[in-house]
Amino acid sequence: MIRIEEPADPRVSGFLDIRERDLTGRQGLFVAEGEVVLNVLTSPQSLCRPISLLIDSKRVEALGPLLARLGDDVPVHVAEQSVLDRIAGLHLHRGILALGRKPEPVDLPNALEAMGSHAVVLMACGIGNHDNMGGLFRNAAAFGAAAVLLDQTCCDPFYRKAIRVSVGAVLRTPMVTRLDAVEAVATLKAAGFEVLAMTGGASEALLEVRRIGRTALVVGAEGPGLPDEVIARCRPVGIRMAAGFDSLNVATAAGIALHHLTP
């Protein structure tokens, strides 16, 4: 335990003004908050590595079993709540911050090659809302998707709020990012995936789909939806809704579809 008395202590510089740093990036690192997320980060299922912790001194005793999982090379910084808030630049009612390292990026062909013959993957295009991004990862983890694929117009899934909304699923779910959507669909097909595009204008209902082998589910941003050039290269399917209503939140729609497509 390393006691921190001043916000300017260089040992906690990675946690300074986290809201502003969320926007400017951390060069391969991320900040996560809360006990639930820290539990995932320190678990065997995590694909990410903790670098250091900053916690409220009042939380130390209760977090003992969780902190015991950390390697000796992971410093645990302890501060009073008032100092913690001044370091972070906002009030942290959870009293727990972790600095972690993102996993090494992988390319799509190699990621797909490692998947089984009945793998289901979720691909997202143009998701700019961090709540939706977190919800997509949470659903992907809940229904056993083999990976989440993100096109180059999606927001960063390692944004603090996205990690929190995902209840840590971002930290344990394989992903491939910064994809060209059209090229990604072609790569999926070449790897034997049937590619379904979720769109409200589809004539085929999701309930009519019967998964046979490898399947990819593609979803787009609320409002604009998927680009026409992506839909044209996929099998369009939609969720039937009551008359007068034509859309669902993208994370909700993806959750319904993944539930239908996974065992």
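Summarised in this report is the structure supplied together with it.

Cut-offs applied
Residues numbered from 1 in each chain as written. Predicted model: local features only at pLDDT ≥ 70, side-chain atom pairs only at ≥ 80, totals over all residues. Heavy atoms only, no water. Helix = DSSP H or I, 4+ residues; strand = E, 2+ residues; numbered from the N terminus. Rg over C-alpha atoms; globule rule 2.2 N^0.38 Å. Buried < 20%, exposed > 50% of the residue type's maximum accessible area, 1.4 Å probe, protein only. Areas by Shrake-Rupley, 256 points an atom, 1.4 Å probe, with all protein chains shown as cover. Lys, Arg positive; Asp, Glu negative; His and termini not counted. Charge placed at Lys NZ, Arg CZ, Asp CG, Glu CD. Pairing = 2+ DSSP bridges. Axes fitted to C-alpha atoms, helices over the stretch in contact; angles between N-to-C directions. Contact = heavy atoms within 4.5 Å.

## A short note on the overall build of the protein
Item 1. Along the protein, the regular secondary structure elements total 10 helices and 11 strands.
Item 2. By the compact-globule yardstick of 18 Å for 263 residues, the protein fits well, its C-alpha radius of gyration being 20 Å.
Item 3. Overall, the protein is about 60 × 40 × 30 Å in size when its C-alpha atoms are taken along their principal axes.
Item 4. For the protein, the proportion of its 263 residues judged to be buried stands at 51%.
Item 5. Entry remark: accessible area of the protein is about 12,500 Å², with carbon and sulfur atoms responsible for 52%.
Item 6. Across the protein, the mean location of the 26 positive side-chain charges is 3 Å away from that of the 29 negative side-chain charges.

## Focus on the pairing of strand 10 (residues 215-220)
Item 1. Strand 10 sits mainly inside the fold: six of its six residues count as buried.
Item 2. Going residue by residue along strand 10, you find Thr215, Leu217 and Val219 tucked away on one face and Ala216, Val218 and Gly220 tucked away on the opposite face as well.
Item 3. Taken together, the four bridges between strand 9 (residues 194-198) and strand 10 define a ladder with parallel strand orientation. Looking at strand 10, one finds that Val195 is bridged to Ala216.

## Thoughts on unusual backbone geometry
Item 1. Of note, Asp17 is a non-glycine position whose phi angle comes to about 45 degrees, a positive value.
Item 2. Relative to the elements of secondary structure, Asp17 occurs in the loop between strand 1 (2-3) and helix 1 (18-24).
Item 3. Despite not being glycine, Val167 shows a phi value in the positive range, around 50 degrees.
Item 4. Within the element layout of this structure, Val167 appears in the loop between helix 7 (160-165) and strand 8 (175-179).

## Topic: the sheet that holds strand 8
Item 1. Read from one edge of the open sheet, six strands run 8-7-6-10-9-11, paired in parallel fashion. Each of the sheet's edge strands pairs with one partner strand only, and the pair in question is strand 8 and strand 11 (235-237). Ignoring which end each strand starts from, the neighbouring axes of this sheet average 25 degrees apart.
Item 2. Where strand 9 lies against strand 11, three bridges are found, and the strand directions are parallel. Paired with Ala197 across the bridge in strand 11 is Pro236.
Item 3. Along the sheet face, helix 8 (residues 181-190) touches strand 6 (120-125), strand 7 (147-151), strand 8, strand 9 and strand 10 and points at about 165 degrees away from the line of strand 6.
Item 4. In the packing of helix 10 (residues 250-261) onto the sheet, the strands contacted are strand 6, strand 9 and strand 10, and the crossing angle to strand 10 comes to about 165 degrees.

## Here's the deal with the environment of Ala88
Item 1. Within the fold, Ala88 resides in helix 4 (residues 81-88).
Item 2. Sequence separation between Ala88 and Gly244 is 156 residues; the distance between their C-alpha atoms is 46 Å.
Item 3. The contacts of Ala88, once residues within four sequence positions are left out, are Phe15, Asp17, Ile18, Arg19 and Leu97.

## Some points on helix 4
Residues that lie three or four places apart on an α-helix share one face, since the helix turns once every 3.6 residues.
Item 1. Helix 4 sits mainly inside the fold: six of its eight residues count as buried.
Item 2. Gln81, Val83, Leu84, Asp85, Ile87 and Ala88 are the residues of helix 4 that are buried.
Item 3. Positive phi appears at Gly89, one or two residues downstream of helix 4, with a value of about 85 degrees.

## Here we look at the sheet that holds strand 2 (residues 29-33)
Item 1. Across the sheet, five strands lie side by side as 1-4-3-5-2; this open sheet has mixed pairing. Edge positions in the open sheet fall to strand 1 and strand 2, since each of these has one partner strand only.
Item 2. Sheet contacts for helix 4: strand 3 (49-56), strand 4 (76-79) and strand 5 (96-101); angle to strand 3, the most-contacted strand, approximately 130 degrees.

Keep in mind that these numbers describe shape and distance, not what the molecule does.
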